[in-house]
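# Structural features, examined
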Amino acid sequence: MREIRQIRDALREWSKNVEVLPAAGGALEDLLHPDAEEQEERAYSDEAIFDTIFERSDGGEWWRESLYRPTPPVTRNQQHLFRYFLDGSLRSYFLGTVLEGDRSSPVHYAQIGACCLLRRDAGTVQREQVETRHLILVNRRSLSDTAWQYFENLLTNASAVLEDLAAPDIFSRSYGDVDLRVRAGGKTRYKMRELEAEVMEQILSNLNERTWLVMDGSLMFQPILQRLQQHYGEQIPPVLGVSKNFRKDPQFVFGRGPRAQRFSIYSLLAHLKHEHRTVAFSAYDGQIVFWYVRLRPQGQVDYPLMGVVKCELVTADRQPVPTELLDLLSQALVAERNVTPHGRDRRWHAHLYPIFLAEQAIRNAFYSREVVQQLMRWR
């Protein structure tokens with residue numbers, strides 16, 4: 001608890017120089033935005049219509065007959081393709097409002113973390129990399145330089161990083177500038193994804209065409225995309241991005257001219273059968289190929305879009321990806337859904353068990369809500 005006490009001591013010392021309205025009852029935990037992953041994906045690109053099929057098959061253009069392709073599971077005993085699993089997590093608290101004359105700023109404290117698990121041949125997992133950090137978020141423009149620098153100096157010896165709440169980034173921009181408390185959620189999520197990129201980079205030297213990493217979330221996040229492109233050049237990185245939640249507004253167009261067919265994502269996925277995938281599409285100016293895989297039969301879920309995950313690969317050379325590779329990745333992914341979880345998580349239908357374990361490892365490394373609420377006080 002040394003980190004919490006150091007931050008608390010800094011807050012107490014700072015409160016002697018500025019006026020503070022503390023949150024009632026101490027730290028107040030922020031609830032996560034229910035559609036944060038969708039909002040995050042929307043921040044990457046305005047693309048909403050996809051009409052480029054981005055895969056090539058030695059057997060011809062099979063998608064002229066059907067937009068779907070069977071992907072029966074390939075289990076770990078048959079081909080142990082996915083060895084590493086990476087996820088990030090965060091926990092954020094509102095501490096109060098600091099006042100300086102007629103200016104004010106909310107003050108947030110956040111714990112962010114990223115964990116990469118390695119799965120051994122026997123199926124057991126071990127933590128390969130776990131990183132956690134402590135953040136204090138304040139709007140710098142709402143304070144004088146003196147107040148900001150004094151607080152920054154107080155945190156010099158603490159294990160916390162002072163972040164400017166109003167500094168621009170791709171996530172918090174989408175949350176707008178009106179409510180800084182809401183914007184704090186985007187800023188914290190951005191820093192968490194940066195930490196994921198750092199942990200991923202430490203794993204890249206262990207990966208090859210037979211040893212893949214599964215990352216939770218989109219690969220379109222620039223720090224991740226740039227690192228993959230720099231490390232692998234024109235090759236396809238052995239990293240698969242998997243999103244449990246995704247945008248619901250894309251449209252898909254097949255064919256040209258008056259015979260072109262248009263599908264909403266609902267109509268496309270409603271006909272996606274269990275252990276099948278869709279054809280792959282190009283996105284992000286050809287740097288990403290993506291497709292959808294159904295992990296669970298529709299009879300086991302409440303809604304046609306449940307039990308489906310979105311998959312992404314980086315295509316640095318901006319060339320179509322072999323159908324055989326997409327099939328293999330989808331088949332290995334279908335096999336990952338066999339062990340399932342986990343309480344009342346509303347995303348249970350799209351969970352991958354090792355990703356769930358990685359998230360739990362991070363949360364176990366966080367200080368609990370009770371510890372933060374008891375120790376993180378201004379006075």
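The protein has the name NurA domain-containing protein in an unreviewed UniProt entry, where Candidatus Fervidibacter japonicus is given as its organism.

## Remarks on the pattern of salt bridges
Two side chains bearing opposite charge may form a pair once their charged atoms approach each other closely. This structure, assessed with the given rule, holds 23 salt bridges. Notably, a salt bridge pairs Lys 16 with Glu 13, separated by 3.3 Å at the nearest N-O pair. Take Glu 13: its relative accessible area is 29%, and that puts it in the partly exposed class. Asp 327 is paired through a salt bridge with Arg 277; the nearest N and O atoms lie 2.8 Å apart. Of this pair, Asp 327 sits in helix α8 (residues 323–336) while Arg 277 sits in strand β14 (residues 276–278), and the two are 50 residues apart along the sequence. Note on accessibility: Asp 327 and Arg 277 belong to one class, buried.

## Quick notes on the nonpolar core
Formed by 37 residues in total, the largest nonpolar core has its most connected members in Met 200, Leu 207, Leu 213, Met 215, Ile 224, Leu 228 and Val 239. Every element with two or more residues in this core is listed here: β6 (82–100), β7 (103–119), β8 (125–138), α5 (180–203), β10 (212–216) and α6 (222–232). A per-element tally of this core places α5 first, with nine residues. Looking at which domains feed residues into this core, each of domain 1 (1–31 + 90–196 + 363–378) and domain 2 (45–81 + 210–338) gives three or more. Ignoring anything within four residues of it in the chain, the contact list for Ile 224 reads Arg 193, Ala 197, Met 200, Met 215, Ser 218 and Leu 219. Val 18, Trp 148, Ala 158 and Val 372 belong to the second largest nonpolar core, which has 29 residues in total.

## A few points about the environment of Leu 204
Structurally, Leu 204 is set in the loop between α5 and β10. Looking at Leu 204, the relative accessible area reads 2%, which means it is buried. Each C-alpha atom, one on Leu 204 and one on Leu 357, is 20 Å from the other, the two residues being 153 residues apart in sequence. The contact partners of Leu 204, leaving out residues within four places of it in the chain, are Arg 227, Leu 228, His 231, Tyr 232 and Val 239.

## Some remarks on the environment of Phe 85
By the element assignment, Phe 85 lies in strand β6. Given the relative accessible area of 0%, Phe 85 is considered buried. Aside from chain neighbours lying at most four places away, what touches Phe 85 is Cys 115, Cys 116, Leu 117, Arg 119, Leu 213, Val 214, Glu 336, Pro 354, Ile 355 and Ala 358.

## Description of helix α2 (residues 36–44)
Because the α-helix completes a turn every 3.6 residues, residues three or four places apart line up on one side. Across the nine residues of α2, eight count as buried, placing the element largely inside the fold. Among the residues of α2, Ala 36, Glu 37, Glu 38, Gln 39, Glu 40, Glu 41, Ala 43 and Tyr 44 are the ones counted as buried.

## Side note on the packing of aromatic side chains
By the definition in use, this model includes 16 aromatic pairs. Aromatic side chains Trp 14 and Phe 151 sit 3.9 Å apart centroid to centroid with 5° between the ring planes, which places their arrangement in the stacked category. Of this pair, Trp 14 sits in helix α1 (residues 2–14) while Phe 151 sits in helix α3 (residues 145–154), placing them 137 residues apart in sequence. Side by side, Trp 14 and Phe 151 carry an identical accessibility label, which is buried. Geometrically, the ring pair formed by Phe 281 and Phe 290 is tilted, given 5.7 Å between the ring centres and 35° between the ring planes.

## Looking at the domain arrangement of the protein
By domain assignment, the protein separates into domain 1 (1–31 + 90–196 + 363–378) and domain 2 (45–81 + 210–338). Of note, the centres of domain 1 and domain 2, computed from C-alpha atoms alone, are 35 Å apart. Each partner contributes to the interface: domain 1 provides 11 residues, whereas domain 2 provides 11 residues. Between domain 1 and domain 2, roughly 880 Å² of surface is buried when both sides are summed, and carbon and sulfur atoms account for 50% of that area. Interface area lost by domain 1 to domain 2 is led by Arg 119, Arg 193 and Glu 196, which between them contribute 60%. For the pair domain 1 and domain 2, the interface holds one salt bridge. As a salt-bridge pair, Glu 336 and Arg 119 come within 2.7 Å of each other at their nearest N and O atoms. Counting across the interface, domain 1 meets domain 2 through four residue pairs in polar contact (both at pLDDT 80 or more).

## Quick look at unusual backbone geometry
Phi angles above zero are rare outside glycine, and Asp 285 is one such case at about 60°. With respect to the element layout, Asp 285 can be found in the loop between β15 (281–283) and β16 (288–294). On the basis of relative accessibility, which here comes to 58%, the residue Asp 285 falls in the exposed class. A positive phi angle is found at Arg 318, which is not glycine, with a value near 55°.

## What about the sheet that holds strand β3 (residues 49–50)?
Strand pairing in a sheet is mediated by backbone hydrogen bonds. Such pairs are either parallel or antiparallel. Within the open sheet, the three strands sit side by side as β3-β12-β13. Their pairing is mixed. Looking at strand neighbours, the two that pair on one side only are β3 and β13 (261–264), the edges of this open sheet. Relative to strand β12 (residues 251–254), β3 is paired through two bridges, and the arrangement is parallel. For Phe 50, the partnering residue across the bridge sits in β12 and is Phe 252.

Calculation rules
- Residues numbered from 1 in each chain as written.
- Predicted model: local features only at pLDDT ≥ 70, side-chain atom pairs only at ≥ 80, totals over all residues.
- Heavy atoms only, no water.
- Salt bridge = Lys/Arg side-chain N within 4 Å of Asp/Glu carboxyl O.
- Buried < 20%, exposed > 50% of the residue type's maximum accessible area, 1.4 Å probe, protein only.
- Helix = DSSP H or I, 4+ residues; strand = E, 2+ residues; numbered from the N terminus.
- Core = buried A, V, L, I, M, F, W, Y, C linked by side-chain atoms within 4.5 Å.
- Domains from an automatic or database assignment.
- Contact = heavy atoms within 4.5 Å.
- Phe/Tyr/Trp six-rings, centres within 6.5 Å; stacked < 30°, edge-to-face > 60°.
- Buried area = accessible area lost by both parts, 1.4 Å probe.
- Polar contact = N/O pair within 3.5 Å; in protein donor to acceptor, adjacent residues only side chain to side chain.
- Pairing = 2+ DSSP bridges.

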